[in-house]
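Fold and geometry: a report
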Amino acid sequence: MGIVKPLSISGKRLSDEAIVSAFEQVLGEAGRFAGATSPNPPVGCALLDSAGNILAMAAHERAGHAHAEAAAIALARQRGLTSRIHTVVVTLEPCNHHGRTPPCTEAILTTPAEFLVIGCADPNPHVAGGGAVRLGEAGLDVTYLEAMIGEPAGAAALACRRLIAPFAKKAATGLPWITLKQALDECGSMIPPSGEKTFTSAASLKLAHRLRRRADAILTGSGTVLADNPSFTVRHVSDFTEKKRSLAILDRRGRVADSYLSEARARGFEPFVAQSFSDALRQIGAAGAQEVLVEAGPLLTEHILQSGLWDAHVVITKSAAANDGDAVAVRYRDEAFDLLKNTAWPLGDEE
Ligand SMILES: NC(=O)C1=CN([C@@H]2O[C@H](COP(=O)(O)OP(=O)(O)OC[C@H]3O[C@@H](n4cnc5c(N)ncnc54)[C@H](OP(=O)(O)O)[C@@H]3O)[C@@H](O)[C@H]2O)C=CC1
Ligand SMILES: Nc1c(N[C@@H]2O[C@H](COP(=O)(O)O)[C@@H](O)[C@H]2O)[nH]c(=O)[nH]c1=O
Ligand SMILES: [Zn+2]
């Protein structure tokens, strides 16, 4: 990816600290909508003045709604601050094509912005490179965050890539991002006490439901359905309105009753039975999903871990001491993302 030489810049670049701090805020804003924007990626944008103050900040909230750049520019306009826009900070390269909305490159060119800092290039093969080159040719000073020196800029660049990892995987392979969640008791068992479906703490259940919220599909096995009659709904945190998820059930022996499927439909799911994990993934991907949450019992969980076809593995272990919190461990297939596990677990912490 090239950095394009600006034609005529009159102002001075902001400090790296101001840029990274804007990225940290904008990543938080965009992360709130991870799971709501499918089939689009979550994106955040901030508009800064020449002193590094954020004039306006916005995220892409849903496919068909304004892109982050257009939304931030509209906000600055509403506040009467457009003339002070000096630097545009955006987690993903601005689009340069007419999709459901007009190109963000053109919206940026209606502002006096002289500098653009991009969190990561657009992995969509149809638009890659287009937005950065267009804005560079139009005279903006265009920088990629990963070209900036220093650990904080590197961490922010990685967080921008992590934010769109499900979108990038889907664009590259047609398959959704797979998060495998596993709850273990004090003895390392996944099996709940008799009469119960879950055994982890209230905080861990919130985490589990945040994982559900961002997923476009839930995948489970017949053993879990028969044992638990699970609802798989988002209840411990608020859900995105109008979001409909697929529910894939691996059930080669056909043990799951039709009544479970119709009850799942009544809860808002699009349920289906699959014969293999790869068939289920293909069907989920074809339905447009970017992210799948696996909530299965030990048999299927082990099969998926062995297959290597997972992207993030979340293990929640119940504490032996009554008042201690559960331990949460997250590992990624892409080891680079592991660096983020304690700093930017991209779930948002809102209820
Ligand atoms: N602690 C936790 O995080 C969770 C715990 N659980 C608990 O797990 C228990 C159920 O365990 P389990 O029976 O293992 O449940 P699973 O959800 O793993 O379902 C297993 C069934 O999935 C089907 N399946 C289809 N393809 C595969 C494959 N490639 N590999 C393995 N299975 C496949 C099999 O049925 P078939 O041969 O007919 O295809 C198999 O019997 C319950 O007690 C439940 O409460 C459940 C979910 C999460
Ligand atoms: N046992 C266990 C989990 N198990 C998963 O949650 C399902 C029940 O979901 P629901 O019917 O919506 O409450 C259950 O069938 C299994 O898939 N999850 C957790 O966060 N912690 C836990 O301790
Ligand atoms: Zn755009």
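Note that the coordinates shown come from a computational prediction; the quantities given were computed from them, not determined experimentally.

Scoring rules and cut-offs
By convention here, each chain's residues receive numbers from 1 onward along its written sequence. To read the labels, note that chains go from A and ligands from 1, taken in the order they are written. In view of the model being predicted, local features appear only for residues whose pLDDT reaches at least 70, and side-chain atom pairs are presented and counted only at 80 or more, with totals across whole chains, interfaces and linings using the full set of residues. Helix and strand assignments follow DSSP, with helices taken as H or I runs no shorter than four residues and strands as E runs no shorter than two, numbered in order from the N terminus. Every radius of gyration here is taken over C-alpha atoms, with the globule rule written as 2.2 Å times N^0.38, N being the number of residues. Distance between backbone-placed C-beta atoms decides contact: two residues are in contact if it is within 7 Å. Put simply, a nonpolar core is a cluster of buried Ala, Val, Leu, Ile, Met, Phe, Trp, Tyr and Cys residues tied together by C-beta atoms within 7 Å. Residues with at least 20 neighbouring C-beta atoms inside 10 Å of their own are called buried, those with 12 or fewer are called exposed, and the rest are partly exposed, where every C-beta is derived from the backbone. For each domain, the first and last residues come from an automatic or database assignment. Proximity of a residue to a molecule or strand is defined by its backbone-placed C-beta atom lying within 6 Å of that partner. As a working rule, the residues Ala, Val, Leu, Ile, Met, Phe, Trp, Tyr, Cys and Pro are called nonpolar, Asp, Glu, Lys and Arg charged, and the rest polar, with Gly in that last group. UniProt positions are given in the numbering used here, feature names are shortened, and annotations may be inferred rather than shown by experiment. Helices are assigned an expected span. That span is 1.5 Å times one less than the residue count.

**Some points on the overall build of the protein**
A tally of helices and strands in the protein yields 12 helices and 12 strands. For the protein, whose C-alpha radius of gyration is 22 Å, the value lies close to the compact-globule estimate of 20 Å for 351 residues. Excluding contacts between residues fewer than 6 apart, the proportion of contacts in the protein whose partners are at least 24 apart in sequence is 74%.

**So, the nonpolar core**
One broad rule of soluble globular proteins: the nonpolar side chains tend to lie buried together. Membership of the largest hydrophobic core comes to 93 residues, with the highest contact counts inside it found for Cys-45, Ala-72, Val-89 and Leu-116. Both domains that meet at this core, namely domain 1 (16-169) and domain 2 (175-338), each give it at least three residues. Residues within four places of Cys-45 in sequence aside, it is in contact with Val-26, Ala-58, Ala-68, Glu-69, Ala-72, Val-88, Val-89 and Val-90.

**Details of the site of ligand 2**
Near ligand 2 lie 16 residues; those nearest to it are Ala-183, Thr-198, Ala-208, Asp-228 and Pro-230. Every element with two or more residues in the shell around ligand 2 is listed here: helix 7 (202-214) and helix 8 (222-228). Ranked by residue count, the leading element in the shell around ligand 2 is helix 7, at three residues. Partitioned by chemical class, the residues of the shell around ligand 2 number seven nonpolar, six polar and three charged.

**Describing the site of ligand 1**
What surrounds ligand 1 is a group of 25 residues, the closest being Gly-221, Gly-223, Arg-252, Gly-297 and Leu-300. The biggest single contributor to the shell around ligand 1 is helix 8, with five residues. Within the shell around ligand 1, the residues separate by chemical class into 11 nonpolar, eight polar and six charged.

**Side note on the environment of His-60**
On the secondary structure map, His-60 appears in the loop between strand 2 (54-59) and helix 2 (68-78). A count of 27 C-beta atoms within 10 Å places His-60 in the buried class. Measuring from C-alpha to C-alpha, the distance between His-60 and Gly-44 comes to 6.5 Å, with 16 residues separating the pair along the chain. Not counting residues up to four positions away in its chain, the partners in contact with His-60 are Phe-33, Thr-37, Asn-40, Pro-42, Val-43, His-65, His-67 and Ala-68.

**Focus: the UniProt feature "binding site: NADP(+)" (unreviewed entry) in the protein**
The positions UniProt marks with the feature "binding site: NADP(+)" (unreviewed entry) are Thr-224 and Asp-228. Tracing the backbone through its elements, the reader meets Thr-224 in helix 8. Beyond its immediate sequence surroundings of up to four residues, Thr-224 is in contact with Pro-230, Ala-296 and Gly-297. Here Asp-228 is to be found in helix 8.

**Looking at helix 5 (residues 151-163)**
The end-to-end C-alpha distance of helix 5 is 18 Å, a good match for the 18 Å that 13 residues give at a rise of 1.5 Å each. Taken together, the buried positions of helix 5 are Ala-156, Ala-157, Leu-158, Ala-159, Cys-160, Arg-161, Arg-162 and Leu-163. Buried positions along helix 5 lie against helix 1 (16-31), helix 6 (165-173) and helix 12 (335-338).

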